[in-house]
Amino acid sequence: MPHDPNAHTVSAMDLTLSPALLDAADPLQTFRDRFVHDDSGLNYLDGNSLGRLPKATETLLQDVITRQWGERLIRSWNEGWIDLPARVGDKIAHLLGAEEHEVVVADSTSVNLYKLAVAALASVRGSGRKYIVTDDMNFPSDIYILQRVVAHFGGEFVLRIIPSPDGIHADMDALLTALDDSVALVSLSHTCFKSAYVYDMAKVCAAARAAGAITLWDLSHSAGAVVVELNQAGADLAVGCSYKYLNGGPGAPAWLFASTEMQRTLRNPIGGWMGQQDPFDFGLTYTQEPGIRGFLTGTPSVLALAAIEPGVDLLLEAGMERLRAKSMRQSEYLITLWQKELAPLGFTLNTPRDVALRGSHVSLGHVEGWRIDQALIHERNTLPDFRQPDNIRLGIAPLYNTFSEVHAAIQALKAIVEEGAHLGYSPYQGMVT
Ligand SMILES: *Cc1c(COP(=O)(O)O)cnc(C)c1O
C-alpha cells in the first residue's frame, strides 16, 4: 500500500494552551503578513470559498496591466503569456503530487469536468460499461455536469449516485461494491464541500483500476489544503478551482490534470485552436496537440490567470506537508472548543471527527444556523459561510488563519446564542454566502 500522506495524527502539541501560545509556536505564522488585511480586524474564515489576496498579486497585476498590456501590447504573448496555462499548471502539479506537463490551467472547474468526463467516456464507448458512479455529497454543479454528459451520449451511460448514510461520511463499502466491470467512470469530490469528508484516493483508485474504470476527481476543496498524491494514488483525471485555498482571486481560471497515460488516449471534446498542434499555421483540420496543452480550448484570460501564480508560490514555499499539519491542528483545536463550549448550546458537528477523514473546514449545524451566521457577520466582524440547510462552515486556510481567530469565532458563536443576538435577524436566506 502506498503511504497515505493524510493519515497523520495530530501532533502532541497541547491544544489546551492559550491561542496566543499556539500562534507563537506556529512555524508558518509569518505567511499571514504576505496577504492583504484591511485594518477592520475582520476574522475571515471563508478562505475555502475565496482565498485572501496575496500582496505579491497586487504588485504583479500592476505590472501585467501597466507594462505587459499597456506597453508591450501583443508582444507580451511571446514574452510569456502564451506559456502561462502550462507554466502555472506545472506549479500546481507540484501541489498535487503530479508531474510537470500533467496539469494545465483553463476554463472553469465545471467546464473542465465536462471536457474530461466526455473524453473519458468517449474512450470506452461500445465496451459495455454503463455506469458513471458518484455520490450525493458531490458538489451540485458536478452532478449537473454529469447529467448533461449522460444526455450528450444519448442514454448510453447512466449516472449512479451513491447516498451517504449521514450526510457527513461517504459509504465506502457501497462505493467499493459498486465498482465492477459495468462501471466506466468514477467521479467524486476528493474533499466534500459540505462536510469536508476526504476520500481515501488511493483506495478508490485501486478499486476503480481493478474494475477497469477511469477516475476523475474534483480537488476544489483539497488543492492547497490537504496533501494530494495524484500519481502515487494512481488517479487518471482531476479538476479543481484556483480561487479557494490557492488564493487565485474571484473567478480565477480552473485547472485540469490528465495522467501521462490518459493524455495519450483521450481526445478533447472541445478542441479549439489553443489545443491544436501548431495553432498559428491556421490549418483547417483539427489535430490535438500531444500532451496536456491538447486539453486547452480558447485564449486564456491573461489577467485572471496571471493572478494565480503568487498564491501558488506561497503554498509551494510553505509546503503542503506543513500546511496540512497546521490545518489538522487547527481543525482539531476548533472541534475541541466546539465540544466544550458549543455542543451544550445545540451546535452539532457536521464534519468527520476523525482528522484523517477531514479536510480544512469544519461545518457546525444549529437549528438557528442561518440567523446565527448573520449575527456572526454583522455583530462580530467574523466571516464564515453557510451551506444549506443549517451548516455554518468555518474554513481554515492554514497559510493565514491563526489559532486566535479560531478561538475568537467559537467565543463569538457562544456569545451570540447565549445572548440571543441572532433573534433579531430574518430567517430568510440571501443569495451568495
Ligand atoms: C468551488 C467548486 C467548484 C467551482 O466550479 P466552477 O465551475 O469553477 O465555478 C467546483 N467543484 C467543487 C467541488 C467546488 O467546491
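Bear in mind the structure is a predicted one, so any value in this text is a computation, not a measurement.

Asker: Report on the packing of aromatic side chains, specifying residues and quantitative values.
Answerer: Taken as a whole, this structure holds 11 aromatic pairs when the rule is applied. Residues Trp77 and Trp81 carry aromatic rings whose centres are separated by 5.3 Å and whose planes lie at 90° to one another, so their mutual orientation is edge-to-face. Considering the side-chain rings of Tyr197 and Tyr199, the 5.2 Å spacing of their centres and the 90° angle between planes classify their relative orientation as edge-to-face. One exposure class covers both Tyr197 and Tyr199, and it is buried. Members of the aromatic cluster, joined through ring pairs, are Tyr197, Tyr199 and Trp217. One cation-aromatic arrangement involves Arg52 over Tyr400; the distance from NZ or CZ to the ring centre is 5.8 Å.

Asker: With reference to specific residues and values, describe the site of the ligand.
Answerer: As a matter of local geometry, the ligand sits amid Ser108, Thr109, Ser110, Phe139, Asp142, Ser189, Asp218, Ser220, His221, Tyr243 and Lys244. One of the side-chain nitrogen or oxygen atoms of Thr109 is found 3.0 Å away from an oxygen atom of the ligand. For the ligand, whose unbound accessible area comes to 390 Å², protein coverage reaches 87%. Residue classes in the shell around the ligand are distributed as 2 nonpolar, 6 polar and 3 charged.

Asker: An account of the pairing of strand β8 (residues 255-258) is requested, with residue identities and associated values reported.
Answerer: The alternating pattern of β8 places Trp255 and Phe257 on one face and Leu256 and Ala258 on the opposite face, and all of these are buried. Two elements, strand β7 (residues 237-240) and β8, share 4 bridges in a ladder whose sense is antiparallel. Counted as the bridge partner of Val239 is Leu256 from β8.

Asker: Can you tell me about helix α11 (residues 308-318), naming the residues and giving the values?
Answerer: When you tally the buried positions in α11, you get 8 out of 11 residues, the bulk of the element. Residues Ile308, Glu309, Pro310, Gly311, Val312, Leu314, Leu315 and Ala318 constitute the buried set of α11. Close packing links the buried residues of α11 with α2 (55-69), α3 (84-95), β2 (103-105), α10 (302-306) and α12 (320-342). Positioned one or two residues after α11, Gly319 has a phi angle of 90°, which is positive.

Asker: I'd like a rundown of the sheet that holds β2, residues and numbers included.
Answerer: Spatially, the 7 strands line up as an open sheet ordered β2-β8-β7-β6-β5-β3-β4, and their pairing is mixed. The sheet is open, and its two edges are formed by β2 and β4 (158-162), each paired on a single side. In this sheet, adjacent strand axes meet at a mean angle of 20° when their direction is disregarded. Taken together, the 3 bridges between strand β6 (residues 214-218) and β7 define a ladder with parallel strand orientation. When the bridges of β7 are listed, Asp218 appears paired with Val239.

Asker: Can you break down the packing of helix α4 (residues 109-122) against helix α5 (residues 140-152) residue by residue, with the values?
Answerer: Contact pair α4 / α5: the axes reach a minimum separation of 10 Å and the direction vectors enclose 40°. For the crossing formed where α4 meets α5, the hand is right-handed. Two secondary-structure elements touch here, α4 through Ser110, Leu113, Tyr114, Ala117, Val118 and Leu121 and α5 through Ser141, Asp142, Ile145, Leu146, Arg148, Val149 and His152. Class assignment for the residues of the contact of α4 with α5 results in 8 nonpolar, 3 polar and 2 charged.

Asker: Give me the pattern of salt bridges: which residues, what numbers.
Answerer: A side chain of one charge can pair with a side chain of the opposite charge when the charged atoms of the two come close. Per the stated rule, a full pass over the model turns up 19 salt bridges. Between Glu405 and Arg32 there is a salt bridge, with the nearest N and O atoms lying 3.2 Å from each other. A residue pair is termed long-range when its members are at least 10 positions apart, and Glu405 in helix α14 (residues 403-419) and Arg32 in the loop between α1 (19-24) and β1 (43-44) qualify at 373 residues. Accessibility expressed as a relative area gives 8% for Glu405, which makes it buried. Overall, the relative accessible area of 22% leaves Arg32 in the partly exposed class. Ionic pairing is found between Glu317 and Arg34, a salt bridge with its closest N-O pair at 2.9 Å. Taken together, the residues Glu317 in helix α11 and Arg34 in the loop between α1 and β1 connect sequence positions 283 residues apart. Given a relative accessible area of 46%, Glu317 falls into the partly exposed group. Within the structure, one salt-bridge network assembled from shared partners comprises Arg87, Lys91, Glu309 and Asp313.

Asker: I'd like a description of the sheet that holds strand β10 (residues 361-365), backed by residues and values.
Answerer: Hydrogen bonds between backbone groups are what pair the strands of a sheet, and the pairing can be parallel or antiparallel. Reading across the sheet, the 4 strands line up as β9-β10-β13-β12 and stay open at both edges, with antiparallel pairing between neighbours. Either end of the sheet is taken by a strand with one partner, and the two such strands are β9 (348-349) and β12 (385-387). One ladder, built from 3 bridges, connects β12 with strand β13 (residues 391-395); its direction is antiparallel. Counted as the bridge partner of Phe386 is Ile392 from β13.

Asker: Could you give an account of the confidence of the model for the protein, with specific residues and numbers?
Answerer: Looking at the protein as a whole, the pLDDT averages 95, with 96% of positions reaching at least 70. In the model, residues 1-8 has pLDDT below 50 throughout and makes 15 contacts with residues more than four positions away in sequence or in other chains.

Asker: Lay out the environment of Leu45 in plain terms, naming residues and giving numbers.
Answerer: With respect to the secondary-structure elements, Leu45 resides in the loop between β1 and α2. On a C-alpha basis, the gap between Leu45 and Ala20 in space is 18 Å, while along the polypeptide they are 25 residues apart. With sequence-adjacent residues up to four places away left out, Leu45 is seen in contact with Thr382, Leu383, Pro384, Arg393, Leu394, Gly395, Asn401, Glu405 and Ala409.

Asker: Residues and numbers for the pairing of strand β3 (residues 131-135), please.
Answerer: Across the 5 residues of β3, 4 count as buried, placing the element largely inside the fold. Bridge count for β3 against β4 is 5 bridges, and the pairing is parallel. In the sheet register, Tyr131 faces β4, and the bridge partner there is Val158. Crossover handedness for the path β3 to α5 to β4: right-handed.

Criteria and thresholds
Residues numbered from 1 in each chain as written. Predicted model: local features only at pLDDT ≥ 70, side-chain atom pairs only at ≥ 80, totals over all residues. Heavy atoms only, no water. Phe/Tyr/Trp six-rings, centres within 6.5 Å; stacked < 30°, edge-to-face > 60°. Buried < 20%, exposed > 50% of the residue type's maximum accessible area, 1.4 Å probe, protein only. Lys NZ or Arg CZ within 6 Å of the ring centre and 35° of its normal. Near = heavy atom within 4 Å. Polar contact = N/O pair within 3.5 Å; in protein donor to acceptor, adjacent residues only side chain to side chain. Areas by Shrake-Rupley, 256 points an atom, 1.4 Å probe, with all protein chains shown as cover. Nonpolar A, V, L, I, M, F, W, Y, C, P; charged D, E, K, R; others polar. Helix = DSSP H or I, 4+ residues; strand = E, 2+ residues; numbered from the N terminus. Pairing = 2+ DSSP bridges. Contact = heavy atoms within 4.5 Å. Axes fitted to C-alpha atoms, helices over the stretch in contact; angles between N-to-C directions. Left-handed = near helix turned anticlockwise from the far one by under 90°. Salt bridge = Lys/Arg side-chain N within 4 Å of Asp/Glu carboxyl O. pLDDT = per-residue confidence, 0-100. Right-handed = clockwise from strand over helix to strand, strands pointing away.

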